[in-house]
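# Examining the three-dimensional arrangement
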Amino acid sequence: TQQELASRKASQESMAETQAEIEQLRNDLAATQQQNSELKKQLSMADDIKQAEIRSYQDKIEWLKDELARLHPDDGSVEGVGYLMDTCAKLLMDLEEESARQTTILRDMGDYTLSIVKEAGESNNDVALHRPGRVIELPDGELVLRPYNVAEQATQVMETDLLKVDVDAPVRFRTPMVRQLLATFQGRDVKKMLVKDLEAEIDRLYTAKTSADNEADAASLPRAELAAFLVEFYLEQFGTVTGAQERVCSILSCIRSLERQAHLAPLPLKVSLFARFLQFCNVKEVLPLPLLNIALQARRFANAGRHKAAEHSGTKPMLSFQGRRPTINQAKDEETQIGIPHAWDAATKALPAGGSVISRRELFAGLMRFATFSADDPKNVGPEMNDFFVLLLIIHDRLRREAAPKMRFLISKVENRGTVTCDEFRDALRDAQLLGIEDAIWRSKLCPPAALGQQATLADALVVEYLGGGSLNKIPRGHVTESQMLWATVEAVEAEIRDRIEGFRKIHRVSKEAQDEQKANKLTYYDFKAILQSSDSGMSSSTIRSKFISSVEASRSCFQYEGDACPIAGSLEAAPNQLYGGDVVTLQHMRVALSKNLIREQALDWSTAGKLQMGDKSDPQNSPSGQSVTSSFQNQAKPNSPVAPSSPSMKSPRNR
C-alpha cells in the first residue's frame with residue numbers, strides 16, 4: 001500500500017507538471033496568435049500605403065505626359081519661330097548698314113565743320129584744343145564757333161520751370177523746415193502713419209510740447225516751432241535725426257492723404273487742428289506758434305479743472321467716444337470730454353488779457369456750435385434750447401465761483417417778487433464777463449411773448465425756473481471734446497486778429513482809394529509801413545521792417561503747384577495771379593506775420609490770464625450794435641496809447 005501511495009503521488013505530481021506545461025504552451029500560443037494578427041494588420045497597412053504611392057506616381061506620370069504633350073512644339077510653331085528669326089536677322093543687317101551710312105555722314109559733317117572753324121595755317125590738332133561750343137550764324141552770315149562751358153549750361157532750366165501752377169487750387173502753405181523735410185525724403189518710400197495712430201499720437205505730442213515749453217521758459221530759451229519740436233521729440237525715440245525726420249514725414253504723408261480724400265469724408269477735427277498748428281494746410285488756416293501756445297495753455301487749464309472737479313466728486317476724469325466728425329473708416333475716436341463751464345473757463349483764462357468782446361463772442365459761438373447734449377437725458381427738451389442751455393451752464397458756473405454779483409442780485413430780486421428788465425440782465429451778463437452774447441439767445445426764453453423794447457421785463461417764473469435755487473438740476477449737462485475746445489479757443493483769437501486786419505484793409509482802401517479787391521489787398525513796403533504807423537505811431541522802423549520780411553517769407557511759403565509740389569527755396573517769383581511769391585505781400589500774409597508778433601511781443605502772465613483789466617468792465621459793451629470795441633492785443637501791448645474804435649457794426653460770428 002505504501003508503494004501504491006507513493007506511486008500515485010508521483011503520478012499526480014507528473015500530471016501537475018504536465019498540466020503546467022500545457023498552460024504555458026497555451027499562453028505562448030495566444031501570444032503568438034496576437035503577434036501574428038498585428039503583423040497581418042501591419043502588412044495590410046503597408047500594402048495600402050504602397051497602393052496609394054503607386055496611384056500617386058501614376059497620376060504624376062499622367063500629368064507629366066500631358067505637360068510634355070503641351071510643351072512639345074508642333075511643326076507650325078517651329079516654322080513660325082524660324083520665320084521670325086530670319087526677319088530679325090534681316091533687320092539687324094539693315095540696321096548695321098544704316099549705322100555705317102550714319103557714321104559716314106557724321107564723319108563728313110565733322111570734316112566740313114573742321115574746315116569751317118579752322119583758321120588759315122592752323123592744324124587739325126590745334127582746332128581740337130578749342131573749348132566746347134556751338135556753331136552759330138552771325139547776322140552778316142558768317143559762321144562762328146562760340147565756346148561755352150558744358151558743366152554750367154547743362155540744363156539751363158530751374159526746378160520751378162518744370163512745375164505747373166494750378167491757379168484754381170487752394171493756396172497751400174509750407175514752412176521752410178517742412179519744405180526741407182519733404183525735399184530730403186522726396187522719392188523715398190516713407191511708411192505712412194495710420195489715422196487712428198496719428199490721433200492717438202497727437203495727444204502725446206501736445207503733452208510733450210507743453211513740457212518742452214516749460215523747460216524752455218525756465219531756461220529763458222525761445223519756444224520751438226511745432227515742426228522743429230517733432231524732430232527733437234522723435235530724436236529721443238529713434239536716436240537718429242534721419243529716423244526722427246522720417247517719422248515726421250510719415251505724419252505729413254498721412255495728413256496729405258486725408259486732404260486728398262476730403263471730398264469723400266471730412267478731415268477729423270483733431271487732425272485738421274494739428275495740421276493747422278503744424279502750418280501744413282491752406283494759407284487761410286495757418287496757426288503760428290503763439291496760437292499753439294494759447295491752445296496748449298487752454299488744454300492745461302482744462303485738464304487741471306477737470307481733475308480738480310473729479311477730486312471733489314470722487315470720480316475719474318470722463319472719457320468718451322467722439323462721433324461728431326467721422327474719420328475715413330467711419331470709426332468713432334475716443335477723446336476727452338470737457339463740460340461746457342470748464343471749457344469756457346479754461347479758454348477765457350488762456351485768451352490774451354482774458355479776451356476782448358470780439359474774441360469772447362467768437363468763443364461762445366464756437367462752444368454753442370460744438371456743444372453736445374445727451375438725447376437720452378429727460379431734461380433735454382430739444383436742440384432749439386441747446387444754445388440757451390450753454391449760456392445757463394456758464395452763468396451757473398460763474399455764480400458758483402462768486403464771479404457774477406450783479407446776476408446774483410437780480411436773481412434775489414426776482415425771488416423777492418421784484419422785476420428785472422432786459423437792460424439789467426444784459427448788464428449782469430457783462431458783469432459776469434459774458435461779453436458779446438446775442439440777445440436772441442436768452443431774450444425769447446426769459447421774456448414773455450408780448451414783451452417788446454429795451455425796457456421789457458423778464459418773466460419772473462422763467463427767471464426762477466432757469467436761474468433760481470435748484471434750477472441747475474433741471475438743466476441738461478452739455479460737453480465738448482478737447483479738440484473742439486481748442487478749435488473754439490484759437491478761432492476766438494483769430495477773430496480778433498481778423499478784426500484788426502480788416503481795420504488795416506479799410507485804412508489801405510482809404511489811403512489808396514482802391515476799388516479793386518486785388519489791388520486793395522496787395523501791399524508794397526511803403527503801404528505796409530504806412531498802415532502800421534497809422535495804427536501805432538510809436539512803432540519803430542526796425543520792427544516794421546522785421547514784420548514786412550516775415551510777411552514776405554509767408555508769401556514765399558505759399559504754393560499752387562500741381563501734385564502738392566513745393567520747391568525747397570520757396571516761391572521766389574510772383575505767382576501768375578499775383579497772390580503770393582516773390583515780393584508780393586497781401587493782407588493774408590500780413591495776418592500770418594502779425595499772428596507771430598502780436599502775441600509774442602506781449603509779456604503775458606499766464607497765472608493772471610483770464611482776468612480782464614479793471615477798465616474792461618465798463619468799456620466793452622455787451623450789445624453787439626453801436627458800441628466801441630477795444631482789442632485785447634492793443635490793450636496789452638499799449639496800455640496808455642489811444643485805441644481807435646472798430647467798426648460800429650458788429651456782426652455775429654460766422655460758423656465755419
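This structure is a prediction, so every number in the text was calculated from the model and none was measured. (Residues numbered from 1 in each chain as written. Predicted model: local features only at pLDDT ≥ 70, side-chain atom pairs only at ≥ 80, totals over all residues. Heavy atoms only, no water.)

Looking only at helices and strands, the chain has 22 helices and 11 strands in total. Taking all 656 residues of the chain together, the buried fraction comes to 41%. Considering only contacts within the chain whose residues lie at least 6 apart along the sequence, 69% involve residues at least 24 apart. A total of about 37800 Å² of accessible surface is found on the chain, and carbon and sulfur atoms cover 53% of it. (Helix = DSSP H or I, 4+ residues; strand = E, 2+ residues; numbered from the N terminus. Buried < 20%, exposed > 50% of the residue type's maximum accessible area, 1.4 Å probe, protein only. Contact = heavy atoms within 4.5 Å. Areas by Shrake-Rupley, 256 points an atom, 1.4 Å probe, with all protein chains shown as cover.)

Turning our eyes to something else, we now look at the packing of helix α5 (residues 195-218) against helix α8 (residues 269-277). Axis separation between α5 and α8 bottoms out at 10 Å; the angle between their running directions is 50°. What the angle tells us is that α5 and α8 run oblique. For α5 against α8, the interelement crossing comes out left-handed. In this structure, α5 uses L198, E199, I202, D203, L205 and Y206 to contact α8, whose residues at the interface are K270, V271, L273, F274 and F277. (Axes fitted to C-alpha atoms, helices over the stretch in contact; angles between N-to-C directions. Parallel < 35°, antiparallel > 145°, perpendicular 65-115°, else oblique. Left-handed = near helix turned anticlockwise from the far one by under 90°.)

Here we take up the packing of helix α14 (residues 422-431) against helix α15 (residues 439-446). Two numbers describe how α14 lies on α15: the axes approach to 12 Å, and their chain directions differ by 135°. Comparing the axis directions of α14 and α15 gives the class oblique. Crossing geometry of α14 relative to α15 is assigned as right-handed. For the pair α14 and α15, contact is made by C422, F425, R426 and L429 and by D439, W442, R443 and L446, respectively. Grouping the amino acids of the contact of α14 with α15 by side-chain chemistry returns five nonpolar, no polar and three charged. (Nonpolar A, V, L, I, M, F, W, Y, C, P; charged D, E, K, R; others polar.)

Turning to the confidence of the model for the chain, a few remarks are in order. Looking at the chain as a whole, its pLDDT mean stands at 80, while 78% of the residues score no less than 70. Throughout residues 317-333 the model reports pLDDT below 50, and contacts reaching past four residues in sequence, or to other chains, amount to 38 contacts. Across residues 599-656, where pLDDT falls below 50, the model places 105 contacts with residues more than four positions away in sequence or in other chains. (pLDDT = per-residue confidence, 0-100.)

Here the focus is the nonpolar core. One finds F274, M407, W442 and M590 to be the most contacted residues of the largest nonpolar core, which totals 116 residues. Top element by residues in this core is helix α17 (residues 482-512). It accounts for 10 residues. In this structure M407 touches I395, L399, F425, A428, L429 and L467, once residues within four positions along its chain are discounted. By size, the runner-up hydrophobic cluster in this structure holds 10 residues, among which are C281, V283, A554 and A575. (Core = buried A, V, L, I, M, F, W, Y, C linked by side-chain atoms within 4.5 Å.)

Before going further, it helps to examine the pairing of strand β8 (residues 478-481). Because side chains alternate across β8, one face comprises the buried residues G478 and V480, and the other comprises H479 and T481, equally buried. In this structure, strand β7 (residues 372-373) lies alongside β8, joined through two bridges in antiparallel fashion. The partner of T372 across the bridge, within β8, is H479. (Pairing = 2+ DSSP bridges.)

Here we have three strands laid out as an open sheet, ordered β4-β3-β10, and antiparallel in their pairing. Single-partner strands in this sheet number two, and they are β4 (281-282) and β10 (558-559). With two bridges joining them, strand β3 (residues 172-173) and β4 adopt antiparallel strand pairing. Bridge pairing in β4 links F173 to C281.

The end-to-end C-alpha distance of helix α7 (residues 241-260), which contains 20 residues, comes to 29 Å, matching closely the 28 Å that a straight helix rising 1.5 Å per residue would cover. Among the residues of α7, those classed as buried are G243, A244, V248, C249, S250, I251, L252, C254, I255, R256, S257 and L258. (Expected span 1.5 Å × (residues − 1).)

This part is about the packing of aromatic side chains. One pass over the structure, following the stated rule, counts 13 aromatic pairs. Where Y525 meets Y526, the ring centres are 5.5 Å apart and the plane angle is 70°; that geometry is what we call edge-to-face. Residue Y525 is classed as partly exposed on the basis of its relative accessible area of 21%. Feature note: the residues F229, F233, Y234 and F238 constitute an aromatic cluster, connected by ring pairs. Looking at R188, its charged tip hangs above the ring of F185, at a distance of 5.0 Å from the centre. Directly above the aromatic system of F301 lies the positively charged group of K349, at a separation of 5.7 Å from the ring centroid. (Phe/Tyr/Trp six-rings, centres within 6.5 Å; stacked < 30°, edge-to-face > 60°. Lys NZ or Arg CZ within 6 Å of the ring centre and 35° of its normal.)

Taken together, the side chains of I105, L106 and M109 present a nonpolar region at the surface, about 310 Å² in accessible area. Tracing the chain through its elements places M109 in helix α2 (residues 75-117). Judged by relative accessible area, which is 49%, M109 ranks as partly exposed. (Patch = residues over 30% accessible without salt bridge, like charges linked within 9 Å, V, L, I, M, F, W, Y side chains within 5 Å. Salt bridge = Lys/Arg side-chain N within 4 Å of Asp/Glu carboxyl O.)

This next bit is on unusual backbone geometry. One non-glycine residue, A353, lies in the positive phi region at around 60°. Its place among the elements puts A353 in the loop between α10 (340-350) and α11 (357-370). Phi is positive for R417, which is not a glycine, with a value near 65°. Relative to the helices and strands, R417 is located in the loop between α13 (405-415) and α14.

Turning our eyes to something else, we now look at the pattern of salt bridges. Tallied over the entire structure, the rule returns 24 salt bridges. Among the ionic pairs, E259 bridges to R256, the shortest N-O distance being 2.7 Å. Here the residue E259 and the residue R256 both occupy positions in helix α7, the gap between them amounting to three residues, near one helical turn. A residue is classified by how much of its surface remains accessible, and E259, at 24% relative accessible area, is partly exposed. We note a salt bridge from D397 to R400, for which the minimum N-O separation is 2.9 Å. Of the two residues, D397 and R400 both sit in helix α12 (residues 386-400), three residues apart, roughly one turn of that helix.

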